[in-house]
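A closer look at the structure
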Amino acid sequence: MTRMGTLWSPWREMNRLRREVDHLINYDGWPTSRGPAAFPAVNAWENEQGLVLTAEIPGIDPSKLDVSLEKDVLTISGERLGVASAATEENYVRRERWFEPFKRTVELPFDLNPDKCDASYERGVLTVRLERAPELQPKKLTIKAG
Amino acid sequence: MNNCQATNGNPNSQVGAEQRPVYRPSVDILDTAGDVVLVADVPGVDESHLDVTLDKNVLTIRGTVQHATFEGYTPVRTEYGVGNFERVFTVSDDVNRDAIEATVKDGVLQLRLPKTAQSTRRKIDVVAR
């Protein structure tokens with residue numbers, strides 16, 4: 001594999017630290033994900049019905065991208081594609097992108113319906129739409145007139 | 001939480017003139033026999049929102065990201081910032097300017113800068129700024 005992914009990067013470390021501090025300040029009930037394995041970074045939106053998550057994973061073959069859900073844990077794993085196979089180490093003048101296999105688990109704040117999840121990949125961005133577990137869906141009460 | 005967007009996610013981020021963060025994309029540069037290939041990660045950008053210009057020896061890549069909004073949803077977690085991409089390179093004279101090709105697929109820009117006939121044996125410098 002390429003070397004970049006395994007090199008210690010002060011940027012990545014600083015980024016991770018900042019992310020953790022941000023998370024402490026903005027604690028919102030979401031469990032924190034720790035460690036250098038926090039790729040891809042995830043943004044999330046929520047409403048009464050469910051959740052939408054997005055992650056930037058440029059240049060991956062969607063068939064090499066795996067998204068799975070088990071109760072309240074979402075796992076995103078895969079491996080990015082390198083440049084043309086003919087390229088050798090000596091051809092690199094600059095190398096900032098990395099191609100290590102990755103696996104990220106995201107703990108979600110509530111159980112989700114495994115039958116109602118939808119993942120799409122467009123322009124290098126993964127979008128996952130999830131629905132709350134049926135028992136967690138808001139119920140509408142009928143109010144009887146007295 | 002939203003005000004973290006500009007600083008989250010990318011150490012190279014800076015706030016642009018329109019108060020929208022501008023990120024410096026990660027790039028790979030390869031020098032092969034016939035051309036120089038520049039590959040940049042620009043997630044969220046497609047062909048119609050990408051601008052590659054070569055002015056004298058200055059190559060500029062600009063990408064405008066379409067901001068994802070989800071109707072009826074509230075943001076609850078922001079680990080990465082979404083903004084535009086911009087990066088500038090200096091290209092040496094040995095590039096055949098009329099034959100530069102740019103393609104974007106799955107949020108990855110690939111720029112092929114063919115070398116001029118007399119320079120195919122020489123090394124071409126593309127310097128990232």
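A short tour of the structure in this document, coming up.

Rules and cut-offs
Residues numbered from 1 in each chain as written. Chains lettered and ligands numbered in written order. Predicted model: local features only at pLDDT ≥ 70, side-chain atom pairs only at ≥ 80, totals over all residues. Heavy atoms only, no water. Contact = heavy atoms within 4.5 Å. Buried area = accessible area lost by both parts, 1.4 Å probe. Salt bridge = Lys/Arg side-chain N within 4 Å of Asp/Glu carboxyl O. Polar contact = N/O pair within 3.5 Å; in protein donor to acceptor, adjacent residues only side chain to side chain. Helix = DSSP H or I, 4+ residues; strand = E, 2+ residues; numbered from the N terminus. Buried < 20%, exposed > 50% of the residue type's maximum accessible area, 1.4 Å probe, protein only.

Opposite the 48 residues of chain A that make contact, chain B presents 42 residues. When chain A packs against chain B, the two sides together hide about 4000 Å² of surface, and 52% of this comes from carbon and sulfur. For chain A, the biggest contributors to the area lost against chain B are W45(A), R97(A) and R123(A); these three give 18% of the whole. The tally of links between chain A and chain B comes to six salt bridges. Note that D46(B) is salt-bridged to R123(A), the shortest N-O span being 3.9 Å. In this assembly, chain A and chain B are joined by 21 residue pairs in polar contact (both at pLDDT 80 or more). Elements represented by at least two residues in the side of chain A that touches chain B include exactly α1 (10-25), β1 (42-46), β2 (50-56), β5 (92-95), β6 (102-107) and β8 (125-132) of chain A.

Assignment of secondary structure puts N47(A) in the loop between β1 and β2. Not counting chain neighbours up to four residues away, the residues in contact with N47(A) comprise R132(A), G72(B) and Y73(B).

All names here are of chain B. Enumeration over the complete set of coordinates arrives at 14 salt bridges over all chains. Of the charged contacts, one joins R77 and E79 as a salt bridge, the two residues approaching to 3.3 Å between their closest N and O atoms. The pair formed by R77 and E79 is uniform in burial state, with each residue classed as buried. For K105, the salt bridge is made with D106, and the minimal N-O distance between the two is 3.5 Å. On the basis of relative accessible area, K105 is assigned to the exposed category, the value being 61%.

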